[in-house]
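Breakdown of the fold
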Amino acid sequence: MPETTPFRRVLVKLSGEALAAPDGYWLHPPTLAGLAEDIARTIEAGIEVALVVGGGNMIRGARISAAGFIDRATGDSLGMMATVMNSLALETALNATGVTARTMSAVSMPTICETYARQPALHHLDKGQVVVLAGGTGNPYFTTDTAAVLRAAELRCDAVLKATQVDGVYSADPKHDPTATRYDRITHDEAIARDLKVMDTAAFALARESRLSIVVGSVHAPSSITAILTGQSPSTHVVP
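Everything quoted here is computed from the prediction, not taken from an experiment.

One pass over the structure, following the stated rule, counts one aromatic pair. Geometrically, the ring pair formed by Tyr25 and Trp26 is tilted, given 6.3 Å between the ring centres and 55 degrees between the ring planes. Seen from the ring of Tyr116, Arg151 lies directly overhead, with NZ or CZ sitting 4.0 Å from the centre.

Within strand β2 (residues 48-53), six of the six residues are buried, leaving the element largely enclosed by the surrounding structure. The alternating pattern of β2 places Glu48, Ala50 and Val52 and Val49, Leu51 and Val53 on opposite faces, both of which are buried. Looking at chain direction, strand β1 (residues 9-14) and β2 are connected through six bridges and run parallel. Within β2, the residue paired with Leu14 across the bridge is Val53. Once you follow β1 into helix α1 (residues 29-44) and on to β2, the crossover reads as right-handed. Note that β2 and strand β5 (residues 130-134) share three bridges and pair parallel. Bridge pairing in β5 links Val52 to Leu133.

What follows deals with the UniProt feature "binding site: ATP" (unreviewed entry) in the protein. According to UniProt, the "binding site: ATP" (unreviewed entry) feature falls on Lys13, Leu14, Ser15, Gly16, Gly56, Arg60, Thr164, Gln165, Tyr170 and Asp173. With a sequence span of 161 residues, these residues are also far apart in the fold, their greatest C-alpha distance being 24.3 Å. By relative accessible area, Ser15 is classed as buried at 17%. Apart from the residues lying within four places of it in its own chain, the contact partners of Ser15 are Val53, Gly54, Ala163 and Gln165.

Regarding helix α4 (residues 118-126), the residues found buried are Ala121, Leu122, His124 and Leu125. In a view along the axis of α4, the buried residues occupy a sector of 160 degrees, so they form one face of it. Along α4, exposed side chains directed more than 90 degrees from the buried face belong to Gln119 and Asp126. Residues of α4 that are buried sit in contact with β1, β2, β3 (101-105), β4 (114-115), β5 and α5 (144-154). Looking one or two residues beyond α4, the residue adopting positive phi is Gly128, at roughly 85 degrees.

Quick notes on the rules
Residues numbered from 1 in each chain as written. Predicted model: local features only at pLDDT ≥ 70, side-chain atom pairs only at ≥ 80, totals over all residues. Heavy atoms only, no water. Phe/Tyr/Trp six-rings, centres within 6.5 Å; stacked < 30°, edge-to-face > 60°. Lys NZ or Arg CZ within 6 Å of the ring centre and 35° of its normal. Buried < 20%, exposed > 50% of the residue type's maximum accessible area, 1.4 Å probe, protein only. Helix = DSSP H or I, 4+ residues; strand = E, 2+ residues; numbered from the N terminus. Pairing = 2+ DSSP bridges. Right-handed = clockwise from strand over helix to strand, strands pointing away. UniProt positions renumbered as here; feature names shortened; annotations may be inferred. Contact = heavy atoms within 4.5 Å. Arc of directions from axis to C-beta.

Next comes the structure, spelled out in structure tokens:
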């Protein structure tokens with residue numbers, strides 16, 4: 001493991017689907033344990049870590065509202081609660097590895113976890129603790145990608161790592177287009193202009209305004225988070 005890395009503090013964005021079991025159950029304990037061990041190795045490499053986890057393994061507000069079942073604001077509220085459940089599961093897995101982790105939710109649930117506030121979150125990170133940021137932005141109509149960039153900017157992170165299904169940003173979906181090419185480096189302006197789907201436009205725009213780099217790599221690679229951040233695994237850097 002390299003003794004130094006380009007990053008001091010990183011916000012890692014995980015999809016809810018990354019926690020799901022192969023049979024579709026919302027949580028896969030071996031995967032959860034593996035992610036926690038990976039994050040522990042990242043901390044050993046000298047990187048401070050904050051986490052944002054999506055809730056798509058349980059519910060997506062936009063999807064159920066599009067089906068006409070409930071309105072979008074209510075659907076997004078359900079999604080925020082799903083992220084709290086995922087975050088608490090990840091906090092428990094991290095604590096089991098010996099890493100001190102705290103869940104902080106933008107949606108106040110004081111009997112379950114801390115309510116998110118910037119200064120306490122910075123204090124936890126400065127002490128070397130992992131902060132698991134739940135509840136998205138606390139508002140409907142904003143994705144957890146946007147929440148990840150927002151929290152990264154607030155918490156003085158050097159970059160956002162989006163651990164996704166592929167090893168970087170491609171010109172098209174490589175699962176459906178064999179001619180798709182992977183970018184090693186691309187700017188926020190180029191990502192927005194080309195309508196690349198790795199993050200939503202609002203997240204890219206906020207990252208551009210905040211001069212915040214986004215690193216995109218595969219969550220499926222061995223020691224994926226640590227390997228991406230230490231340059232041992234392929235990734236795409238989206239830069240200002």
